[in-house]
Amino acid sequence: MILKLAFNGLKKKQRDYLILFTGLIISIAVFYMFLTMSLNKEFILQNSVINNIQAVFLVGTVMLSIITFFYLFYTNSFLLSLRKKEYGLYELIGAKKFQIRRVFQIETMAITAISLAIGLMLGIILARLVSWLLMNSLNVEFTQFKIVYLPAVFWTMAYFLTASFITSTVHNTRLAKSSIIELLHSDMHNDGIPAEPKGSALQILLGIFFLGIGYSALYFMEQLRFIGLFTAPAATTLGTYLLFTALLPNIVRNWKRNKRANFKGLHSFTSGQLNFRLSSLKWVLATIAMLIALSAGAIAGGFAFKNNAFTSIDEYWQYDATLYNPGAAETAVLNSIPVDEQLTFRMKLDDEFMYLVQEELNASPPLIRDFVTYEVVRPDPLPEKLDIVDGSQIISDQWFTALYAINPALEGTKSTRIVPLEEYELAEGEEISILLARTDDFSAYIGEWQKLDELQLDVYTDLFTGFDPKTDSVATKYSQFKAQYAIASGTFFMGFFLGLAFLTMMASILMFKILSGASNDIRRYDSLRKLGVRRRLLENSIYREILVVFLFPGILGLLHVFVGMRMFTFIMDDPYYRLWVSILIFLAIYGGYYFFAVHLYRKIVLPRQ
Amino acid sequence: MKTILEASNISKTYGKKGTAAYTAIRDLSFSMNEGEFIGIMGPSGSGKTTLLNMVATLDPMTSGEITIDGISVSAMNEDQLSDFRSQNLGFIFQDFNLLENMTVFENIALPLSLRNTKLEKIQAGVHQVSAILGIGDLLEKYPAELSGGQKQRTAIARSLIHEPTLLLADEPTGALDSQNAATLLDTLADLNAERKVSILMVTHDPRSASYCSRLLFIKDGKLDRELFPAGTREEFHQEILAVLGDLDRRPVAGVRI
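No experiment lies behind these values; they were computed from the predicted model shown. (Residues numbered from 1 in each chain as written. Chains lettered and ligands numbered in written order. Predicted model: local features only at pLDDT ≥ 70, side-chain atom pairs only at ≥ 80, totals over all residues. Heavy atoms only, no water.)

1. Some words on the overall build of chain B
Here is step 1 of the chain: If you tally the helices and strands in chain B, you get eight helices and ten strands.
Here is step 2 of the chain: Whereas a compact globule of 257 residues would reach a radius of gyration of roughly 18 Å, chain B reaches 19 Å, a difference of no more than 12%.
Here is step 3 of the chain: Viewed in the frame of its principal axes, chain B has a C-alpha envelope of about 60 × 45 × 40 Å.
Here is step 4 of the chain: Put simply, chain B shows about 11,300 Å² of open surface, and 48% of that area lies on carbon and sulfur atoms.
Here is step 5 of the chain: Across chain B, 25 positive and 33 negative side-chain charges occur, with their mean positions spaced 5 Å apart. (Helix = DSSP H or I, 4+ residues; strand = E, 2+ residues; numbered from the N terminus. Rg over C-alpha atoms; globule rule 2.2 N^0.38 Å. Areas by Shrake-Rupley, 256 points an atom, 1.4 Å probe, with all protein chains shown as cover. Lys, Arg positive; Asp, Glu negative; His and termini not counted. Charge placed at Lys NZ, Arg CZ, Asp CG, Glu CD.)

Below is the structure:
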């Protein structure tokens, strides 16, 4: 009997549950995908490049689980509040409290179970998609990667079932405490009349003030460091809430003050709706503005980070390839691309020292980035006589950097001696030639650099005793790029899907809020219809009203992102890289939700045609 | 005298063909002259609200024709009907149907706003009509802040502001106490007598009906009889009570009591 009641209840509230579902399913799918990416053991062992990505996905899992918990908590309380009357009715006809609690608990768990089934399937597809995209962008093969990974399935189910059990228990307990009368009359509430705003000017000023502080903290994050890291989110959040709660009711009030516009067509009705709606929604809308900032920020951040792999690699490596003893194969590859600059140096190794030719170095000093001025320069010529203190030659910092640029594999392993050509000729030991090559665009010839790195493996094995190409590696621009790019790609996907999950959850909260008021609105739209308002006019009013509700948090949230991306300047070169792509993705999803909300709302309040 | 409403042979059947159909109104005809205050009475389920909804163009009829102010509404599409309602009809409902999210002023102004009337005209109109109804000092309040009587006065003001051909009232005193109901009916009677507003009112309350200039009794979807006031309102009231008693005593079609 109780089971039957529970499933009847589910059926009745299909629409509300559908919205809850979308948020939950996306969250489950992304959660599973993150877990699969970070937990696949075999995948970790086999692939050193992937190692770092997994940490990134683990961070994503943690963040997602926190937000998801709040989402579940909120939606659950909301759904229960919709059903207070039903609860009271069961009590009235003599059902025991524990029985009713069980009904609601079974319902919640059933929803979670259904969402889990769909979400996991979607998650498996997502994992397949993301791993495939990662493989392609990193040019590696994930042979050991399992799309259906049982530990990930288990933990996803465990997390979501536990979370929904906890939230539904908390809410049920709360419901059980209210009196029958209270429960029965719960749907007979009237919207409170928006109070005349008091002290709102001060509140708006304070809001702008705190937003200003938050924004400056974001802007000067590099200088403020830790202070900024705490000030920025705190002040921005506070400013957002202050501004929304004070500004939103005032904006509509101002519209209404323009009587000529207000008393035209249905405008007075639309602004009246908004006046009530924005007053009751201001807290939710402020929260949504923050969530938008987080989700769009996560998408944009991931995107910028991926780009950063290209730009940052050029910061530290002025030469795209460093080739030891290049042979015909290497030369052939180099000849196939436009090389801007090509330098060759000779080096001799004996048991104690590495010898370099002073004349060669002075003749073609390589480009380096000066660590003090941060400019790309060529070191000044070396003095004729280099002092030796404690067994090391004294050279300028710039030359010190230059030696690493010339000889990234061996510099530091032995004491370096820069000697005149005559002395060099006399030195014992095997001679190695090193070729530095530079193009105008490292990212354009990734395939060539990869090929050169592969060709060099044989040289390394010959040159360096004990070098095993399977386990060892030599630092080259390409290998470092590849590692960075792997993390960046991981972060990109993590950011994108985290943003997507946030966005779905946020949009479903907003839709809940709008649609929960819709049943009250049925009467209003019916009155208007009776008074002779054309359907078209009613529809326009709906479009406009919901647009405003969506617009405010959207605008402020995006503004947060525009300012907030600056925060990443101290770890990225260009956080604003192609920001518009992320913004477009965000707008597409957000816009989709807007139209979906309008569609559902219209279906509720307007009679069928 | 000018005829403003002509209903000829109208019928309303609910339910599709083949299924158990229920006929709410059968072959009913009546007409209304300008300046009349007609009451429609009848037992529950007799079809009075159905009749009002058809006149109000809210509910399409199954057959027959309704002409209001010389215009036939039978063949209009949804948009035309909307426009027709907003221009020619005024509504008063039992539960007021005020828009709670708008002030009294905005509620009253709505029919004019919908026609994009100039602001100055709207303001003049609202002040005039609210003064007549004695709610001039409530204009900036929201419906939730008003008493039942004040709400219904607001609804009347809204139904009159665009000077409709016909005012339709569905149990307008249903949600009011007797004091407020009496005041409201006096107002309607005054509007009818002094401003020549034509009113068609559905009611089951004999007291309300005694304010009308003509009563139509409906039973089982058909016009049962007509009644005109003679003598005082109290005498008319007694007469109505007698007719209603008689209607109740007579057997309902096919059923013996």
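2. Structural notes on the pattern of salt bridges
Here is step 1 of the chain: Enumeration according to the criterion identifies 29 salt bridges over all chains in this entry.
Here is step 2 of the chain: Ionic pairing is found between D526 of chain A and R529 of chain A, a salt bridge with its closest N-O pair at 3.3 Å. One end of the pair, D526 of chain A, and the other, R529 of chain A, are both in helix α20 (residues 518-530), three residues apart, so they sit about a helical turn from each other.
Here is step 3 of the chain: Two residues, E226 of chain B and R214 of chain B, come together in a salt bridge whose shortest N-O distance is 2.5 Å. Residue E226 of chain B is found in strand β10 (residues 222-227), and its partner R214 of chain B is found in strand β9 (residues 214-219); the two are separated by twelve residues along the sequence.
Here is step 4 of the chain: With a relative accessible area of 38%, E226 of chain B lands in the partly exposed category.
Here is step 5 of the chain: Given the relative accessible area of 8%, R214 of chain B is considered buried.
Here is step 6 of the chain: Overlapping salt bridges, with partners in common, bring together R277, D521, R523, R524 and E545 of chain A together with E100 of chain B in one network. (Salt bridge = Lys/Arg side-chain N within 4 Å of Asp/Glu carboxyl O. Buried < 20%, exposed > 50% of the residue type's maximum accessible area, 1.4 Å probe, protein only.)

3. Examining a negative patch on the surface
Here is step 1 of the chain: Residues E359, E384, E422 and E423 of chain A make up a contiguous surface patch of negative charge.
Here is step 2 of the chain: On the basis of relative accessibility, which here comes to 47%, the residue E423 of chain A falls in the partly exposed class. (Patch = residues over 30% accessible without salt bridge, like charges linked within 9 Å, V, L, I, M, F, W, Y side chains within 5 Å.)

4. Brief notes about the interface of chain A and chain B
Here is step 1 of the chain: Taken together, the contacts link 29 residues of chain A with 30 residues of chain B.
Here is step 2 of the chain: Both faces combined, the contact of chain A with chain B buries some 2,800 Å², and carbon together with sulfur accounts for 56% of it.
Here is step 3 of the chain: It is F263, K530 and L531 of chain A that lose the most area in chain A upon contact with chain B, and together they represent 26% of the buried surface on that side.
Here is step 4 of the chain: Between chain A and chain B we count six salt bridges in total.
Here is step 5 of the chain: Where E100 of chain B meets R524 of chain A, a salt bridge forms, and the shortest distance between an N and an O atom there is 3.6 Å.
Here is step 6 of the chain: If you look at where chain A meets chain B, you find eleven residue pairs in polar contact (both at pLDDT 80 or more).
Here is step 7 of the chain: Counting only elements with at least two residues in the side of chain A that touches chain B, the list comes to α12 (259-262), α13 (267-316), α20 and α21 (535-564) of chain A.
Here is step 8 of the chain: Per-class residue counts for the side of chain A that touches chain B are nine nonpolar, ten polar and ten charged. (Contact = heavy atoms within 4.5 Å. Buried area = accessible area lost by both parts, 1.4 Å probe. Polar contact = N/O pair within 3.5 Å; in protein donor to acceptor, adjacent residues only side chain to side chain. Nonpolar A, V, L, I, M, F, W, Y, C, P; charged D, E, K, R; others polar.)

5. A closer look at the sheet that holds strand β2 (residues 341-349) of chain A
All names here are of chain A.
Here is step 1 of the chain: Strand order in the open sheet formed by five strands is β1-β9-β2-β3-β8, with mixed pairing between adjacent strands. Edge positions in the sheet fall to β1 (321-324) and β8 (415-419), since each of these pairs with one other strand and no more. Averaged over all neighbouring strand pairs, the angle between strand axes comes to 25°, with direction disregarded.
Here is step 2 of the chain: Those strands touched by helix α16 (residues 397-406) are β1, β2, β3 (353-357), β8 and β9 (430-438), and its axis lies near 95° from that of β9. (Pairing = 2+ DSSP bridges. Axes fitted to C-alpha atoms, helices over the stretch in contact; angles between N-to-C directions.)

6. A word on a nonpolar patch on the surface
Residue and element names in this part refer to chain A.
Here is step 1 of the chain: Nonpolar side chains collect at one region of the surface, where L202, L206, F209 and I213 lie side by side and expose about 360 Å² of accessible area between them.
Here is step 2 of the chain: In this structure, I213 sits in helix α9 (residues 200-219).
Here is step 3 of the chain: Relative accessible area serves as the criterion here: at 31%, I213 is assigned to the partly exposed category.

7. Section: the nonpolar core
One recurring pattern in soluble globular proteins: nonpolar side chains tend to sit buried together.
Here is step 1 of the chain: Core analysis: the biggest nonpolar cluster contains 173 residues, and F57 of chain A together with I66 and L200 of chain B have the highest contact counts within it.
Here is step 2 of the chain: If one sorts the elements of this core by residue count, helix α19 (residues 477-516) of chain A sits on top with 22 residues.
Here is step 3 of the chain: Sequence-distant contacts of L200 of chain B, that is, excluding residues within four places in its chain, are made with L5, M32, I38, I40, L52, V55, L166, L167, L168 and A169 of chain B.
Here is step 4 of the chain: Listed in part, the 48 residues of the second largest apolar core include L133, L176, L185 and V197 of chain B. (Core = buried A, V, L, I, M, F, W, Y, C linked by side-chain atoms within 4.5 Å.)

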